[in-house]
Amino acid sequence: MTEFDAVDVIRTKRDGGSLSGDQIDWVIDAYTRGAVADEQMSALLMAILLRGMNVDEIARWTQAMIASGERLDFAGVGRPTADKHSTGGVGDKITLPLASVVAACGVAVPQLSGRGLGHTGGTLDKLESIPGWRASLAYDEIVNQLRDVGAVICAPTDTLAPADRKLYALRDVTGTVESIPLIASSIMSKKIAEGTQALVLDVKVGSGAFMKNVDDARELAATMVELGAAAGVRTVALLTNMASPLGRTAGNALEVRESLEVLAGGGPSDVVELTVTLAREMLAAAGVEGDIDPTDVLKDGTAMDVWRRMIRSQGGDPDAPLPRARETHDILAPTEGVLVELDAYQVGVAAWRLGAGRSRKEDPVSAAAGVELHAKPGAHVRAGQPVLTLHADDPGRFPRAVEALKGAITIAPAGARPDQPLVIDRLG
Ligand code: URA
């Protein structure tokens with residue numbers, strides 16, 4: 001590999017130039033090996049955030065991150081594979097019912113997921129509220145479970161895109177997360193290295209998402225769809241609304257409970273709609289459209305059967321009671337009218353402050369903490385009616401969570417309608 005000087009690479013980007021393919025290969029490899037220092041990579045990441053990267057640079061950056069580790073191969077599982085990735089939101093528990101639904105329809109789902117950071121929840125944290133459930137699986141355990149059960153939700157193996165793991169941790173503490181080229185390459189390097197044949201991206205838009213406006217979300221989605229297609233992964237992206245939380249819960253065990261309602265054929269209509277929509281996209285991308293409909297496997301219990309086998313296979317007890325918080329605190333509607341807005345970001349911050357999320361990677365999370373919604377945008381509320389219930393083990397956490405929710409609830413006179421379609425656009 002050609003050697004470069006890190007300072008020259010930084011200067012090129014700082015001055016608005018394009019990095020060559022060889023420069024990118026070198027800097028990613030050298031950083032992963034420890035030959036480029038954190039402060040040098042921090043400077044380069046900030047230059048990328050400010051100057052951007054062109055299509056060729058993004059594709060090469062992604063390839064270099066894939067090449068920093070091993071690629072998984074699920075060709076031996078005996079069925080087509082499809083995965084879903086959400087860019088993260090509040091109350092976004094869709095992966096939980098979705099993996100079981102898609103597997104029940106005949107497509108294997110290797111869902112390598114993450115933990116929550118900041119105001120957004122993480123799938124692994126949610127599942128860890130199930131007694132005994134284990135997030136870390138070896139590669140052969142993943143393959144065996146995909147073959148036997150059809151669905152796996154677990155932590156990425158250590159060898160999957162290690163450059164991204166190091167870079168993501170650095171971006172998190174250097175204010176360089178919010179760069180479309182860096183987000184797109186980070187997500188797609190892991191998904192391509194994971195070896196799925198088809199990928200459906202749920203790009204969240206709104207206050208509770210990384211992308212606050214539709215134009216940025218569309219650019220991120222288009223970049224990721226292009227990266228997937230170039231790597232031979234059939235990739236589709238949906239832009240979906242994250243102005244208010246998904247479903248009626250935000251918090252780990254609370255969201256598992258709601259997912260079980262969906263798997264039992266009930267649950268909030270937005271969670272069901274998004275689960276079914278994404279499942280149909282995954283089945284179509286995997287080439288098995290039309291055989292079985294996702295709504296059938298929710299009604300006839302086969303998705304629930306997959307869920308129970310998936311949880312058991314990872315050491316969890318699907319019948320064990322989920323943790324419940326020791327204390328609750330209601331937030332009441334100040335006036336009567338139509339709830340037109342319930343701000344997702346503020347609800348996410350409240351859940352985080354109640355203990356559902358972490359500020360540093362090493363922090364523990366509370367399984368029982370979170371926020372329960374009694375009304376969704378569009379509902380009529382009476383003055384004094386509980387709109388939210390806060391759940392925490394430690395009542396000392398309530399004041400800061402209440403503070404986070406100031407101005408989060410907007411009530412308009414009767415007749416007003418919130419303008420919030422769930423699926424905003426589709427690309428790919
Ligand atoms: N999720 C990722 O995996 N990477 C990002 O950069 C942002 C969200």
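Bear in mind the structure is a predicted one, so any value in this text is a computation, not a measurement.

> What exactly am I supposed to notice about the overall build of the protein here?
Within the protein one finds 16 helices and 13 strands. Over its C-alpha trace the protein gives a radius of gyration of 22 Å, about what one expects of a compact globule, namely 22 Å for 428 residues. Projected onto its principal axes, the C-alpha coordinates of the protein cover approximately 65 × 45 × 40 Å. Accessible surface, the protein as shown: approximately 16900 Å² in total, 49% of it carbon and sulfur. Charged side chains of the protein number 43 positive and 57 negative; the gap between the two group centres comes to 3 Å.

> Sorry if this is basic, but what is going on with the nonpolar core here?
Nonpolar side chains in soluble globular proteins tend to end up buried together. Grouped together as the largest cluster of nonpolar side chains are 80 residues, with contacts concentrated most on Trp307, Val371 and Leu388. With eight residues, the top contributor of residues to this core is helix 12 (residues 269–285). Here Leu388 is in contact with His329, Asp330, Ile331, Leu342, Val371, Glu372, Leu373, His374, Leu405 and Ile409, once residues within four sequence places are set aside. Membership of the second largest hydrophobic core comes to 59 residues, among which are Met41, Ile66, Leu146 and Met224.

> Mind showing me how you'd approach the pattern of salt bridges here?
Side chains bearing opposite charge may pair, as long as their charged atoms lie close to each other. The tally for this structure, following the rule as stated, stands at 25 salt bridges. Of the charged contacts, one joins Asp425 and Arg218 as a salt bridge, the two residues approaching to 2.9 Å between their closest N and O atoms. One end of the pair, Asp425, is in strand 13 (residues 423–427); the other, Arg218, is in helix 10 (residues 214–230), with 207 residues separating them in the sequence. Residue Asp425 is classed as partly exposed on the basis of its relative accessible area, which comes to 25%. Residues joined by salt bridges that share partners form a network here, namely Arg115, Asp125, Glu128 and Arg358.

> Where do I start with the pairing of strand 8 (residues 337–342) in this structure?
Side chains on a regular strand alternate between the two faces of the sheet. Across the six residues that make up strand 8, a large majority, five, are buried. Note: strand 8 against strand 10 (residues 380–381), two bridges, orientation antiparallel. Its bridge partner being in strand 10, Gly337 is matched across the sheet by Val381. Here strand 8 runs beside strand 12 (residues 409–412); their pairing, made up of four bridges, is antiparallel. Bridge assignment links Leu342 to a residue of strand 12, and that residue is Ile409.

> What am I meant to see in the sheet that holds strand 8 here?
Where strands meet in a sheet, backbone hydrogen bonds hold them as pairs that are either parallel or antiparallel. Ordered in space as 10-8-12, the three strands form an open sheet in which the pairing is antiparallel. Single-partner strands in this sheet number two, and they are strand 10 and strand 12.

> It is not clear to me how the domain arrangement of the protein should be interpreted in this structure. Could you clarify?
A common way to report how large an interface is uses the accessible area buried once the components associate. For the protein, the assigned domains are domain 1 (6–52), domain 2 (75–313) and domain 3 (327–412). Relative to domain 2, the C-alpha centre of domain 1 lies at a distance of 30 Å. At the interface, eleven residues of domain 1 touch eleven residues of domain 2. Taking both sides of the interface into account, the surface hidden between domain 1 and domain 2 amounts to around 1100 Å²; carbon and sulfur atoms contribute 79%. Looking at the side of domain 1 facing domain 2, the largest losses of area belong to Tyr31, Leu45 and Leu49, adding up to 49% of the total buried there. Of all the elements in the fold, those that place two or more residues in the side of domain 1 that touches domain 2 are helix 2 (21–33) and helix 3 (38–51). Ranked by the residues each element gives to the side of domain 1 that touches domain 2, the list is headed by helix 3, at seven residues. Grouping the amino acids of the side of domain 1 that touches domain 2 by side-chain chemistry returns seven nonpolar, three polar and one charged.

> Looking at this structure, how should I read the packing of helix 5 (residues 95–104) against helix 11 (residues 252–263)?
If you want to describe how two helices pack, look at the angle between their axes and the distance between the axes. It is the contact of helix 5 with helix 11, at a shortest axis distance of 8 Å, that shows an interaxial angle of 35°. Between helix 5 and helix 11 lies a crossing whose hand is right-handed. Seen from helix 5, the contacting residues are Leu96, Pro97 and Ser100; seen from helix 11, they are Val256, Ser259, Val262 and Leu263. Along the lines of polarity and charge, the residues of the contact of helix 5 with helix 11 split into five nonpolar, two polar and no charged.

Reading the values: rules and limits
Residues numbered from 1 in each chain as written. Predicted model: local features only at pLDDT ≥ 70, side-chain atom pairs only at ≥ 80, totals over all residues. Heavy atoms only, no water. Helix = DSSP H or I, 4+ residues; strand = E, 2+ residues; numbered from the N terminus. Rg over C-alpha atoms; globule rule 2.2 N^0.38 Å. Areas by Shrake-Rupley, 256 points an atom, 1.4 Å probe, with all protein chains shown as cover. Lys, Arg positive; Asp, Glu negative; His and termini not counted. Charge placed at Lys NZ, Arg CZ, Asp CG, Glu CD. Core = buried A, V, L, I, M, F, W, Y, C linked by side-chain atoms within 4.5 Å. Buried < 20%, exposed > 50% of the residue type's maximum accessible area, 1.4 Å probe, protein only. Contact = heavy atoms within 4.5 Å. Salt bridge = Lys/Arg side-chain N within 4 Å of Asp/Glu carboxyl O. Pairing = 2+ DSSP bridges. Domains from an automatic or database assignment. Buried area = accessible area lost by both parts, 1.4 Å probe. Nonpolar A, V, L, I, M, F, W, Y, C, P; charged D, E, K, R; others polar. Axes fitted to C-alpha atoms, helices over the stretch in contact; angles between N-to-C directions. Left-handed = near helix turned anticlockwise from the far one by under 90°.

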